[in-house]
Amino acid sequence: MSNKHPYNTRMTSQSNSKMMNNVPVSTHEMISVARKEEIPSNKHQNPSRSQGMSSEPQRMSAKIKSNSRTKGKQSTNQSNSVQPIDFSTIRTTYPHQDEVKSKRLYNLPEGKTFYPTWTEFQDPYEYIASITQEGSRYGIIKIIPPEGWNPNFSLETTRFRFKTRKQKVNTMEGETRAKLNYIDQLQLFHAQQGRPFSRLPQLDKAPIDLHKLARAVADRGGPHEVSKNKQWAEVAREIKEGGYSQTCTSASKTIKERYFDFIDPYEKYIAEAKRECKLGKLDIKVDLAKPEDVCGKCGKVTEGNEDVLQCDGECEKPYHIDCLNIKKENLNPDAQWHCPMCLFLTGTDYGFEPGEGFTLRDLQQTADSFRQRYLKNHPVPPGVSMEDHIESEFWRLAHSMDDNTEVFYGADINSTDYGSGFPCSERDRDDPYNRDPWNLRNLPRLTGSLLHDITPAIPGMMLPWVYVGMIFSAFCWHVEDHYTYSINYMHWGETKTWYGISASFASKFEAAAKKLLPELFQHQPDLLTQLTTILNPEKLVQEGVEVFAIDQRPNQFVITFPQAYHAGFNHGLNCNEAVNFALPDWIKFGCESIKFYKEIKRHQVFSHERLLLAIGLKNLNNYKVVKWLKDPLSEMCTKELKLRAEVIQQLSLSPPIHDITEPKDSEMVCSYCNGFSYFSALKFKCTDQILCIEHADYAQGMCNCGEENEKKYCYFIQVRIRDFHLKSLMDTMEYTAFQTQQDVEYMATYLEESTTLSIKVLEDIYTRVKECGYDFELSELGHFIEQSQIWFRKLFELCFEVAQNIWPSTYRNTLINNFDVGDFLCKWEKRARGFHSTTDIPPLNQKHYCFCRRPDNFKTMIECDKCHEWYHCECIGMSDEEANSLDTWTCSMCHYDKNHLSKKIRKSMNKFEKLLKATTVFPFSPRHSEQFVKIIQIIKSLSGPDLFHIRREIGLGLAIPIDGIETKVGIDTDVIMTDN
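Residues numbered from 1 in each chain as written. Predicted model: local features only at pLDDT ≥ 70, side-chain atom pairs only at ≥ 80, totals over all residues. Heavy atoms only, no water.

- The chain is annotated in an unreviewed UniProt entry as JmjC-domain-containing protein of Gigaspora margarita.
- Recorded in UniProt under Subcellular location (unreviewed entry), the annotation for the chain is "Nucleus". (UniProt positions renumbered as here; feature names shortened; annotations may be inferred.)

1. Some words on the environment of Asn150
Now for step 1: Examined against the element boundaries, Asn150 turns out to sit in the loop between strand S2 (140–143) and strand S3 (161–168).
Now for step 2: Residue Asn150 is classed as partly exposed on the basis of its relative accessible area, which comes to 32%.
Now for step 3: A C-alpha to C-alpha distance of 9.5 Å links Asn150 and Gln556, two positions 406 residues apart in sequence.
Now for step 4: Residue contacts for Asn150: discarding those within four places in its chain leaves Thr93, Tyr433, Tyr489 and Asn555. (Helix = DSSP H or I, 4+ residues; strand = E, 2+ residues; numbered from the N terminus. Buried < 20%, exposed > 50% of the residue type's maximum accessible area, 1.4 Å probe, protein only. Contact = heavy atoms within 4.5 Å.)

2. Overview of helix H4 (residues 124–135)
Note on helix geometry: an α-helix contains 3.6 residues per turn, so any two residues three or four positions apart are oriented the same way.
Now for step 1: The complete set of buried residues in H4 reads Pro124, Tyr125, Tyr127, Ile128, Ile131, Thr132 and Gly135. An end-on view of H4 places all buried positions within 155° of arc, on one side of the element. In H4, those exposed residues whose orientation departs by more than 90 degrees from the buried face are Glu126, Ser130 and Gln133.
Now for step 2: In this structure, the buried residues of H4 make contact with strand S1 (113–114), S2, strand S12 (485–493), strand S15 (557–560) and strand S17 (574–581).
Now for step 3: N-capping of H4 is provided by Asp123, with a side-chain oxygen placed 3.1 Å from the backbone N of Tyr125. (Arc of directions from axis to C-beta. Polar contact = N/O pair within 3.5 Å; in protein donor to acceptor, adjacent residues only side chain to side chain.)

3. A word on the pairing of strand S16 (residues 565–570)
Now for step 1: Counting buried residues along S16, six of its six residues qualify, which places the element largely inside the surrounding structure.
Now for step 2: Taking every second residue as pointing to the same face, both faces of S16 are buried, with Tyr565, Ala567 and Phe569 on one and His566, Gly568 and Asn570 on the other.
Now for step 3: Direction of pairing for strand S11 (residues 474–478) relative to S16: antiparallel, over a ladder of three bridges. Pairing of His478 across the sheet is with His566, part of S16.
Now for step 4: Here strand S13 (residues 496–501) pairs with S16 via six bridges, running antiparallel. (Pairing = 2+ DSSP bridges.)

4. So, the packing of helix H14 (residues 360–377) against helix H15 (residues 386–398)
Now for step 1: Between H14 and H15, the least distance of the axes is 12 Å, while the angle of their chain directions is 90°. With respect to each other, H14 and H15 are oriented roughly perpendicular. Residues Arg371, Tyr374 and Leu375 of H14 form the contact with H15, whose own contacting residues are Met386, His389, Ile390, Glu393, Arg396 and Leu397.
Now for step 2: When the residues that make up the contact of H14 with H15 are grouped by side-chain class, the tally is five nonpolar, one polar and three charged. (Axes fitted to C-alpha atoms, helices over the stretch in contact; angles between N-to-C directions. Parallel < 35°, antiparallel > 145°, perpendicular 65-115°, else oblique. Nonpolar A, V, L, I, M, F, W, Y, C, P; charged D, E, K, R; others polar.)

Here it is as structure tokens:
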């Protein structure tokens, strides 16, 4: 999905197109012959690798039944002549509860599978964000939608035509490709030296692995060090798995001889080319500025010199024979001749060849026929599942040197050009899935993705790509462009197996790949960005890389997380669709991707600077965005300002020219690193090329004005955003963060100092915290508030019913929406006091104290230091002596025990539930309604703005204290409650 680049057109078959008829046979034929101990009848025939495969008896290829489709423009829509795909033979559904494998190939652990509920499934980004912490450790995870979610396949199969790429399974595998390349190079070298060989040397009735032999000797310091340290026997044991048999007594001697016969002359010939490659000198293109008759080695003119060789490789340069230190008589005049560099780079221009053009029906017939033939020739062993068998066969083919199975893969098919599998057209406007957020045509445009404002929409990243695979077609190890998330949905078909590596193991994976494939990385330092190489997960695990596996089936999503390497293959005909997105946690990964792209000089897909700036300008006062954007944006702006000052000083430049014109992407690509330069750029009057200010050191090499004008160069800095505006942007975001912190501190103080809070206040606080994204831990409070609102409504209705029964004349004609619960509570309290039987009711004109709401009885009383309420010592069970000995004292209304938030919230909810159950049938006699008095106190807690006022002015009737809810905000958030 990440391969947004054209196919590599420098194919092996093309690069070998000049090969003569008298060059030896291909590598595949050599290995096959060596195993059969036969020599080809025509040892001078040497087709290219792809040509050699066509003659292999062990090769299986997906044959095309009709060539009429491949003539002319294959992508033209011809609906009248195209048959629709036959869905009767295709798997379109799969049981909702996915199969869990107890054991799989190489003992790889399974990636996590998630089953969202319908409620969780409403918002894709919110749900994915909720599982990111757990899911990201796998690199890849699977999401199975709730039962019943299953959109129809809406692509018009009679109009859908697409191009494919050919994939040779064994050459995709990195180690196999490196071996085949090396043998091809040996073969070409010995052919041009006049010593062609048509079969690999053998030992113990098996071909010697020359590539492994060369690696083993090189790892020990070279052939002379191996001889000096007497390590040839050790080398012999290493290059053959399981070692040679005991009857093979001359293994070390034979291995040494074959090394000096086949490998040593070649290694000496390319030694200098190897050194140049290690130094990064890989450019073998023809320099048009130099004469064609100049030696590629010494740089001197070759015209008129008979002892000159013309390279038949890509560089096509002439060379003096003397400069190459080779003897003319040892050369085969009829063979192709490659200079050391071109010979060393043979096979490194690997890429997928363009395949046939197909309709879905065509590929269905081809894929099904191929799969049936293959499984007939390689049947499933007893006791092995079909999926496990195909996975084993895929890796067997990948490591095979002589089985050249070739398949087709319809990959990176633009849904805008060819259609999407999801409902999206005018004819689908009434389809409910047309507007579904999990529809991959809609998902990139949802506001949760940071990429949704990028214009124009990027195919493959924001416009889905469709993938149509067949058995053994594969996608190679890669990360998504800019290390973004990706989401992949299978519409229908056979299983797709995924392998994933989390971001935490990304660097270890890269190191392992370089260790396992040193030659390929030496030729292509950006090999892992080419999407052309697979590596066996077993080898990666042996190098300490954690690899997870997932099997994707119809109606299942696979998510890949930022900087998570992934690869995989198909078990048969299937159709998938995929797109990218980015959540806030991606920002740090995006920044790292830009650094990496600049190092390898890879073109970027979009401007990271432009994206972060656009998000920042739209959300300057939105703390929910500022809290994750502030640091990366400030770091980017600070770096920009520093570089501007340094470049102006170093190059003695005038103040920058300000130009706010919005550039095209092509107008802001640095000529050195290929990165986008959006904030500013170093421009030239003599050329349209630009440099990012990070690489301003290369300015003088690009400007020709200095040589003609006494070193007065024409370059200058042009900025799109002034220094002042960059600083202002950072200051504004800092202020937003500061102001938010002030709000949070005020809120914490308010909650801490408030003895009791109504649910309305808590609801307002919770809503503000959630909407603004404050760093304020009240996560469990949301559920508490929601439940409290439900319970309050039920209690409110209960009070309304009680009021109409006790005071029918007052409340009979009152509507429930106009019911004043506060007025009812006052009436109830006064009525409840009338049933207090312990003493007479005191006159209303006297001041009341304590829980008992009695006047001063001229006995010892004590004052609360917090609420300043006076209490009778006898009412609170305190002796006079104890009261006189206290310097400070707080009443039970003000003295709270602190416990954890979640514990107290659960306690409150349990209490509410019990009360509701206990009041199903309500007795209307106030004297016997102790439960109702508790309900009243709860209603006070939920609705009363000032409970102390209620307590002092009205009294508590039966003297049951109020439950107060209070929160204390800090590292640990508590609810403080009274429970007297």
